[in-house]
Structures are given as C-alpha cells and as structure tokens.
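# A look at the structure
Chain by chain, the residues run as shown.
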There are 2 protein chains.
Amino acid sequence: MGETIEIPERSGVAFRMAAGELLTVIDPRGEQVADLLAFNAHDVDEVISSGRTLDYAETIRLTTGHKLYSNRSNVLLEIVEDDVGVHDFLLTPCSYDTFKHFYPHLPPHRGCFGNLAAALEPYGVTPDRIPVAFNCFMNVPVDSGTGRLKVLPPVSKAGDRIVFRAAMEVVVGLTACSAPDSNGGTFKPIHYRVDSPA
Amino acid sequence: MGETIEIPERSGVAFRMAAGELLTVIDPRGEQVADLLAFNAHDVDEVISSGRTLDYAETIRLTTGHKLYSNRSNVLLEIVEDDVGVHDFLLTPCSYDTFKHFYPHLPPHRGCFGNLAAALEPYGVTPDRIPVAFNCFMNVPVDSGTGRLKVLPPVSKAGDRIVFRAAMEVVVGLTACSAPDSNGGTFKPIHYRVDSPA
C-alpha cells in the first residue's frame, strides 16, 4: 500500500500516476476541499474538461462510476470509490483575483490557482492552462428554479475519501483548498495516497 | 447600424470586435442555439472561462448585467440586453466524438467544436484551446436534488436576441449549433450583427 502523504493547509502538490494506479484523496478532519486537476502526462495540452465530463455524465453530481474526460474526449480518471457523493465541477480554483473579490477584508492569497500553477510548472503547465478543477468534497448546490449557486461547507466527515483510477499516465495537481467559505471557515490539510493496481 | 449576417445551419464564423462594440445574436426562427467563444484579440491564451464567470456571478443563469470573465479574471463581454434569459454555460461544444456518443444512429458531424476550430484557426486558436462555450439560447436545466441535467429545446422564439458589449478588443467565435437535441430536432441559421457604440 502506498505511503499516505499530507498536503499542508492552503498548499498544493503535483505528481505522476501510471495507468491503472489508484489515487485516494482523504479529508482527514472533515469539511475540507481538495481541488484536483489531471493532464495527459505525455502531452499536457490534453487536460481534464468539466464541460465534456458533465455532457457525457448528464449530471453535475459526479460519484462512483463516473469518468472524468479530457478536452479530447478521452478518459483521464474514473471515480471508483466515494464516501461523500458531493463534489463540485463548476468553479475554477480561487486565485489572487477571486480572493480580492470575495474576501476584500482578508489578506489576499494566491489560492488553489496559484498553488496549482506553482506545483504544475515543472511539468510544463502554464497558469493559462488551468481549467475548472474537480473540487473534491466541495459543496455547491444549484437552485433549479433560479440557477443560483451557493458555496456551503462540505458534507465530508473526518476520514472520508474518494478514489480515482488513472485511465492513462497522468500528471495530477492536488491541493488543500485555501478559501474560507469552501471549507466551513477553517483551513485543514488533505491526505492522499497512490497505490498500484491490486 | 451594422449589417445583419447569416450563419447557415450547422456552421460557424469568427470575427474581431473593438472594445465598446455591440454584438447582437439573433435566433431568426426560434429554438436554435448559438455557441459563443471570446478571446483577448491581442493574446488568445486569454479566453472566456465558465468557471471564473459562474464563480463571480453566483448563478448558472446568466442574463442582462452579467459579465463573461476570462481565465485571467478580466471581463471580455457584458450581456446588455437579453430577450430570453435561458442560456447554458456548463457544456463544451459538441464534437465528432460527442456526436458518436449521443447520436450513434446519425452520420457523425464535427459539431460546433469542429466549426469553431476551423473558424478560429486563422486567429491562432488551436482545437485544444476551445473551452466551455457560452451557449446562447441553450436550455439545460439542472435538478437541485439529483444534479441531473437535461438538454431541452430552447425557449427562444423567432426574432429573440441577446446583446453583448465587448469590454476589450476580442476575437469571437459563433455558430449555428449542429446537435439535434439542443435545437428541438431541427437545424436553423443564426443571425448576428456588430454595431459601434452609440
């Protein structure tokens, strides 16, 4: 079994996964979001696509059995286990600019956008190539009638996890989210583990 | 007043707009979708972002007064008039691959993805750079409880329009959508016009 690694609060990492490997993302204390990106490891112009994924899935509520597609309609990751069932795939990672907009009273932070950009830079990913992330545990309900969306505290409890199987060799970016509203007002670490196929 | 131009059914165009100019997109017969993309004309790596726009707007139902943001948090277009109020900003333009998936019984079509890629190629936009489009008149309700989304016929009637003001010099891609379900089962043209500020 792979080593469990901690992503400290308000930070991010990037790493490679071989096809077939399993990524387990764990919310160790509960109510903490982890923004996830995935790229084709051999050509980072191929990247996770919310619009293609939601189109194929015909739902915004992605969970076990759903596949995360690239901008070229290939599967990058498949969700194979999910303790929570409430994740977001509508919103881009928070950035310095979105922090200034939503939290004008707080010191601005580079957010998951900045953390992902820094972690992915060694893999050749530039900031302009950071799309909508799959935001593990992020709770963004949409009102059917008005279309209004809200960012509520995650429903994840301590130890809850979501597991992804890589469908090809991928580069993954993963964070412990930095935005107060997304995490019930506190910042906590995220744990993850990469395992070989059984 | 600018000349009204017809985009024939299942095709697309691209053109420049100066800052302050107004783009009117018209559904001449009713129930016809037009996929719209916008790029910074001086640097096409800056592109319309659904995730940034929905985050700032706090709704998926965009209409008059809403701004369409780029991946760099700058405003590209602002909606200044809207006869319809039901548009989609969740789904990517249909492609050859999505056609094969959703319409296996029909001859595949390159879709708005292929039409936008061809129209935008002279401006230096490559297919991998085509993100979620703002899909004018596209009717994609989301169920609050289950998250399920549906692609229903547009609610637009013949002559309905939506008007955008360019906040900077932009390159716009615009189509008459090619997918049966999005357009109530028939393919119709789209009209548009670019006007100077009053």
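Shown above is the structure to which this text applies.
The structure reproduced in this document is the subject of the present report. Here the structure is a predicted model, which is why all the values come from computation and not from measurement.

## Considerations on the nonpolar core
- Judged by nonpolar contacts, the single largest core of 125 residues is most densely connected at Phe134(A), Phe164(A), Phe134(B) and Phe164(B).
- If we skip the residues at most four places from it in the chain, Phe134(A) touches Ala34(A), Asp35(A), Leu36(A), Ile48(A), Leu62(A), Leu68(A), Ile79(A), His87(A), Asp88(A), Phe89(A), Ile162(A) and Phe164(A).

## Examining the interface of chain B and chain A
- Contacts between the two partners involve 37 residues from chain B, matched on the other side by 37 residues from chain A.
- Both faces combined, the contact of chain B with chain A buries some 3,400 Å², and carbon together with sulfur accounts for 46% of it.
- Scanning the region where chain B abuts chain A turns up four salt bridges.
- Here Asp128(B) and Arg72(A) are joined by a salt bridge, their closest N and O atoms 2.7 Å apart.
- The interface formed by chain B and chain A includes 25 residue pairs in polar contact (both at pLDDT 80 or more).
- At the level of elements, α1 (50-57) and α2 (96-102) of chain B are the ones that each hand at least two residues to the side of chain B that touches chain A.
- Tallied by class, residues from the side of chain B that touches chain A come to twelve nonpolar, 14 polar and eleven charged.

## Things to note about the side chain of Ser73(B)
- By the element assignment, Ser73(B) lies in the loop between β5 (67-69) and β6 (75-82).
- Under the relative-accessibility criterion, Ser73(B) is labelled buried at 12%.
- At 2.9 Å, the side chain of Ser73(B) and the side chain of Tyr56(B) are in polar contact.
- Ser73(B) has contacts with Ser95(A), Asp97(A), Thr98(A), Arg52(B) and Tyr56(B), leaving out every residue within four places of it along the chain.

Rules used in this analysis
- Residues numbered from 1 in each chain as written.
- Chains lettered and ligands numbered in written order.
- Predicted model: local features only at pLDDT ≥ 70, side-chain atom pairs only at ≥ 80, totals over all residues.
- Heavy atoms only, no water.
- Core = buried A, V, L, I, M, F, W, Y, C linked by side-chain atoms within 4.5 Å.
- Buried < 20%, exposed > 50% of the residue type's maximum accessible area, 1.4 Å probe, protein only.
- Contact = heavy atoms within 4.5 Å.
- Buried area = accessible area lost by both parts, 1.4 Å probe.
- Salt bridge = Lys/Arg side-chain N within 4 Å of Asp/Glu carboxyl O.
- Polar contact = N/O pair within 3.5 Å; in protein donor to acceptor, adjacent residues only side chain to side chain.
- Helix = DSSP H or I, 4+ residues; strand = E, 2+ residues; numbered from the N terminus.
- Nonpolar A, V, L, I, M, F, W, Y, C, P; charged D, E, K, R; others polar.

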